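So you can see what is in the structure, the chains are spelled out below.
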Amino acid sequence: MMQGLGCNHCWINCNCSLPCRAECKKRTEPEAMFPRAFSSFAAIPQARQAMSRFVRMNATDSKSRLANKVAVVTASTEGIGFAIARRLAQDGAHVVLSSRKKANVDRAVAELQTENLSVSGLVCHVGKAEDRKRLIETAVERHGGIDILVSNAAVNPYFGSILDTPGEVWDKILDINVKAAAMLVQSVVPHMEKRGGGAIVLVSSIAAYSPFPGLGPYNVSKTALLGLVRNFVPELSSRKIRINCLAPGLIETKFSLALREDEATLEKTMESLRIQRIGVPSDCSGIVSFLCSPDADYITGETIVVAGGAPSRL
Ligand code: NAP
């Protein structure tokens, strides 16, 4: 940072050369920033207090919320994962994007880089142990550690009766949607511990509570994530790592196209909504940023439903 210029995290010229988020004490001392304004209010304690509050609110712009954090987001080249990756980067994190196809990774990284966001990417099929290992190791090697994991990948290769679902379909869905998430959590924990803690979000679904017709194994896999989070909490809490779930409702993405094109499902979904519109990926991103931020320091083991008021809860 140049002397005398406010850095990205500090909207005020604080006249020092330190990377201010990390080291500059003046950043949080409004009196030091506005000595003249404060001295003229010196005799009025309420005015001093109000001004202090005003300066603090404005000095903490949204970019600083996740400053110096490294986030890994799986399945993040499109849809909800992409929106989450963008928002975490907008809020100051360096984000490692990933998905199965290199062309998608390159496109997504390039798009966010044109927005001046700090992102990198690599190929990771979450069902492949070697890909998961490479994702975590590369993130640590390139960026010095991992503070945030968003496990977002899921598949649904089947539509039909749960009674007729072949064993291989169960294997594939549980492998990608549940086991891969658990394995990713296991592998980031030692790295988060080295950083003094971390935050994890698993992307579940409203289907965890209210099953989508014809998607039995998928629905079950999403309910399993709620249990996975609850089971991880005791061991992660003692390591200062928080873990929560996001449960989106019907969101406009490629993944949900079949559901949205099915008139009966769409009608049933619209009837259940209190907010009369289908969600968009960015509806899911701010809440994930919040869950990964210090503002959520006392929140773990929870599932946040983002579903336009559709009924949820078991
Ligand atoms: P989407 O728009 O279709 O995007 C899917 C992303 O996942 C792509 O980036 C894709 O890229 C990647 N991907 C697919 N399989 C992968 C794998 N095995 N390993 C790594 N990456 C993989 O999907 P979405 O709707 O955003 O869904 C994201 C998550 O939200 C899922 O967990 C889904 O269950 C959940 N969800 C979605 C809705 C909804 O209505 N859309 C509702 C509730 C929950 P590549 O093709 O390059 O791999």
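Within every chain, residues take consecutive numbers counted from 1 along the sequence as written. pLDDT decides what is reported in this predicted model: residues at 70 or higher carry local features, side-chain atom pairs at 80 or more are listed and counted, and totals for whole chains, interfaces and linings draw on all residues regardless.

Q: I would appreciate a short explanation of the sheet that holds strand E6 (residues 241–248) in the present structure.
A: In a beta sheet, neighbouring strands pair by backbone hydrogen bonds and run either parallel or antiparallel. Each pair of strands is called paired provided DSSP finds at least two bridges between the two strands. We count a stretch as a helix when DSSP gives it H or I for four or more residues in a row; a strand needs E for two or more, and each element gets its number in order from the N terminus. The parallel open sheet is built from seven strands, whose spatial order is E3-E2-E1-E4-E5-E6-E7. With partners counted over all chains shown, the strands left at the sheet margins are strand E3 (119–123) and strand E7 (303–306), one partner each. Taking the axes of each pair of neighbouring strands and ignoring which way they run, one obtains an average angle of 20° across the sheet. The pairing of strand E4 (residues 148–151) with strand E5 (residues 198–203) spans four bridges and is parallel. Counterpart to Val-150 in the pairing with E5 is Val-201. By the criterion used throughout, residues are in contact when their C-beta atoms, derived from the backbone, lie within 7 Å. Axes, fitted as lines to C-alpha atoms, cover a helix only where it is in contact. Angles between the N-to-C directions of the axes lie from 0 to 180 degrees. Where helix H7 (residues 129–143) meets the sheet, its contacts fall on strand E1 (70–73), strand E2 (94–99) and E3, and the angle it forms with E1 comes to roughly 160°. Relative to the sheet, helix H9 (residues 216–237) contacts E5, E6 and E7, its axis offset from that of E6 by approximately 170°.

Q: What exactly am I supposed to notice about the confidence of the model for the protein here?
A: The predicted coordinates should not be examined in detail at positions where pLDDT is low. Of the residues in the protein, 80% have a pLDDT of 70 or more, and the chain-wide mean is 85. pLDDT is a per-residue confidence score from the predictor, ranging from 0 to 100. Note that residues 1–60 has pLDDT below 50 and, in this model, 58 contacts with residues that lie over four places away or in other chains.

Q: What should I look at first to understand the pairing of E6 in this one?
A: On a regular strand, each side chain points to the face opposite its neighbour's, so the side chains alternate between the two faces of the sheet. For E6, a buried count of eight out of eight residues is recorded, marking the element as mostly surrounded by other parts of the structure. With C-beta atoms placed from the backbone, a residue is labelled by how many other C-beta atoms lie within 10 Å of its own: buried for 20 or more, exposed for 12 or fewer, partly exposed between the two. What you see with E6 is no split at all: Ile-241, Ile-243, Cys-245 and Ala-247 on one side and Arg-242, Asn-244, Leu-246 and Pro-248 on the other are buried throughout. In this sheet, E6 lies alongside E5 in parallel orientation, the contact comprising six bridges. Looking at E6, one finds that Val-203 is bridged to Leu-246. Viewed with both strands pointing away, a crossover whose connecting path from the first strand over the helix to the second turns clockwise is right-handed. Regarding topology, H9 serves as the crossover connection from E5 to the parallel E6, and that connection is right-handed.

Q: How should the site of the ligand be read in this particular structure?
A: Taken together, 29 residues are adjacent to the ligand, and Ala-75, Gly-79, Arg-100, Ala-154 and Phe-255 come closest. Considering each element in turn, the shell around the ligand owes the most residues, three residues, to helix H5 (residues 79–90). Classification used: nonpolar for Ala, Val, Leu, Ile, Met, Phe, Trp, Tyr, Cys and Pro, charged for Asp, Glu, Lys and Arg, polar for all others including Gly. When the residues that make up the shell around the ligand are grouped by side-chain class, the tally is 13 nonpolar, twelve polar and four charged. Only the C-beta atom, placed from the backbone, is used; a residue is near a molecule or strand if that atom lies within 6 Å of it.

Q: How should I be thinking about helix H6 (residues 102–114) in this particular structure?
A: An α-helical segment advances 3.6 residues per turn. Residues three or four places apart therefore align on the same side. Multiplying 1.5 Å by the helix residue count minus one yields the expected span of that helix. Between its first and last C-alpha atoms H6 spans 18 Å; for 13 residues at 1.5 Å apiece the expected length is 18 Å, and the two agree. Within H6 the residues assigned to the buried category are Val-105, Ala-108, Val-109 and Leu-112. For H6, the angular spread of the buried residues around the axis is 100°, confining them to a single face. H6 presents Ala-103, Ala-110 and Thr-114 as exposed residues on the side facing more than 90 degrees away from its buried surface. By definition, the arc is the one covered by directions from the helix axis to the C-beta atoms.

Q: What is the right way to read the nonpolar core from this model?
A: In globular proteins that are soluble, nonpolar side chains generally tend to be buried together. Each nonpolar core consists of buried Ala, Val, Leu, Ile, Met, Phe, Trp, Tyr and Cys residues. Their C-beta atoms, within 7 Å, join them into a set. In this structure, Ala-71, Ala-85, Leu-88 and Val-95 are the most contacted members of the largest nonpolar core, which totals 76 residues. The greatest single-element share of this core, amounting to ten residues, is contributed by helix H8 (residues 167–194).

Q: How do you make sense of unusual backbone geometry when you look at a structure like this?
A: For residues that are not glycine, phi is negative in most cases, and the peptide bond is trans in most cases. The backbone of Asn-68 shows a phi angle near 70°, a positive value even though the residue is not glycine. Assignment of secondary structure puts Asn-68 in the loop between helix H4 (45–59) and E1. For Ala-75, which is not glycine, the phi dihedral falls at a positive 50°. Note on placement: Ala-75 falls in the loop between E1 and H5.

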